[in-house]
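So you can see what is in the structure, the chains are spelled out below.
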Amino acid sequence: MPRIAPLLGRVFINVTIQTRTGLHIGASGTDFNIGGRDKLVIRDPLTNQPYIPGSSLRGKMRSLLEKKEQLPQNHRINKGHIHVCKTPDDFLVCPVCRVFGIPAPSSGDAWGDVITLTRLVVRDTGLSEGEAERLLAAHTDGLYTEFKTEVAIDRVTSVANPRTIERVPAGVRFGPVEMVFNVFEKEDVANLRVVLEGLQLVEDDYLGGSGSRGYGRVTFQKIRIFVRNMKNYGKKDPVAKYETLEEWDQDFEAFLQRVREALGLEG
Ligand SMILES: [Zn+2]
């Protein structure tokens, strides 16, 4: 039986996401709606506003990190393969699995006390305050969105098949998105570097669909980081504040030191 992970504390990373190009994160099941022509964005059913699912951001961070680290795509899921460390020896030195977790190992014995739980949780995030009003005032062609026509050519019949893609326009802010980093072991703190790298990789790539057409460029801004330690969980200590990922990167070693102090992991 795996032991219960002794949580040492949590690091909260709040980040505002700004779109630099149109963003299309698709709603599943809407790709072939009326006439099969509109690809719609995912919306919060209560507010009807577009949002960024935490799983989209987290999944993109993970897959770009796997590529950067050249990790084997060795685990089959529905549509393809992902990377999952299969032995404790691999896991203990794998920056990706140690942060994003792996499915509970079936043969528990070899894994002993190794904590395979996910460290990083990414919450869903909606439009930033004031953005919905601003988009309404801009009279875009969709509700908080715009439609762009793309022409796809049917490879068999050569028939041009225009369809419209709904997207959140460029220059729109989401969040702050809350990312929660669980610290189970002292060594986890250094892996906050993996979270920063994942965000850097997404900035250089894209979020959502049609990235090859230039969609989904984003920047991460207004980074606010807090820590809760287990001795005084009611208190959320602010430990850092950066305007860009670059600023965070430049201060990284000092930042780690402050996180360790706030978690009471010194000495
Ligand atoms: Zn791994």
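Look above for the structure.
Keep in mind that this is a model prediction, so the values were computed, not measured.

> Can you walk me through the coordination of the zinc ion in this structure?
In an ideal tetrahedron of four donors about a metal, each angle is 109.5 degrees. In an ideal octahedron of six donors, the angles are 90 or 180 degrees. The coordination sphere of the zinc ion contains the protein donors His83 (NE2), Cys85 (SG), Cys94 (SG) and Cys97 (SG), at a distance range of 2.1 to 2.3 Å. Viewed at the metal, the 4 donor atoms of the zinc ion are separated by angles of 101 to 113°, and the geometry they form is tetrahedral.

> Help me out: how do you make sense of the packing of aromatic side chains in this one?
Here the distance between the centres and the angle between the planes together describe a pair of aromatic rings. For the structure on display, the rule yields 6 aromatic pairs. Ring centres 5.8 Å apart and planes at 70° place the aromatic pair Phe91 and Trp111 in the edge-to-face group. Within this pair, whereas Phe91 is found in helix α2 (residues 88-92), its partner Trp111 is found in the loop between α3 (95-100) and β5 (120-122), the two being separated by 20 residues in sequence. A relative accessible area of 7% means that Trp111 is categorised as buried. A ring pair is formed by Tyr242 and Trp248, whose centres lie 6.4 Å apart and whose planes are at 15°; its orientation type is stacked. In this structure Tyr242 comes out as buried when scored by relative accessible area, which is 5%. Put simply, the rings of Tyr242, Trp248, Phe252 and Phe255 touch in pairs and so form one group of aromatic residues. Sitting over the face of the ring of Tyr206, Lys60 holds its NZ or CZ atom 3.8 Å from the ring centroid. The ring of Tyr215 has Arg167 sitting right over it, with the charged end atom 4.5 Å from the ring centre.

Parameters at a glance
Residues numbered from 1 in each chain as written. Predicted model: local features only at pLDDT ≥ 70, side-chain atom pairs only at ≥ 80, totals over all residues. Heavy atoms only, no water. Donors = N, O, S within 2.8 Å, 3.2 Å for Na, K, Ca; no water. Tetrahedral: all angles 85-135°; square planar, octahedral: opposite > 155°, others 65-115°. Phe/Tyr/Trp six-rings, centres within 6.5 Å; stacked < 30°, edge-to-face > 60°. Helix = DSSP H or I, 4+ residues; strand = E, 2+ residues; numbered from the N terminus. Buried < 20%, exposed > 50% of the residue type's maximum accessible area, 1.4 Å probe, protein only. Lys NZ or Arg CZ within 6 Å of the ring centre and 35° of its normal.

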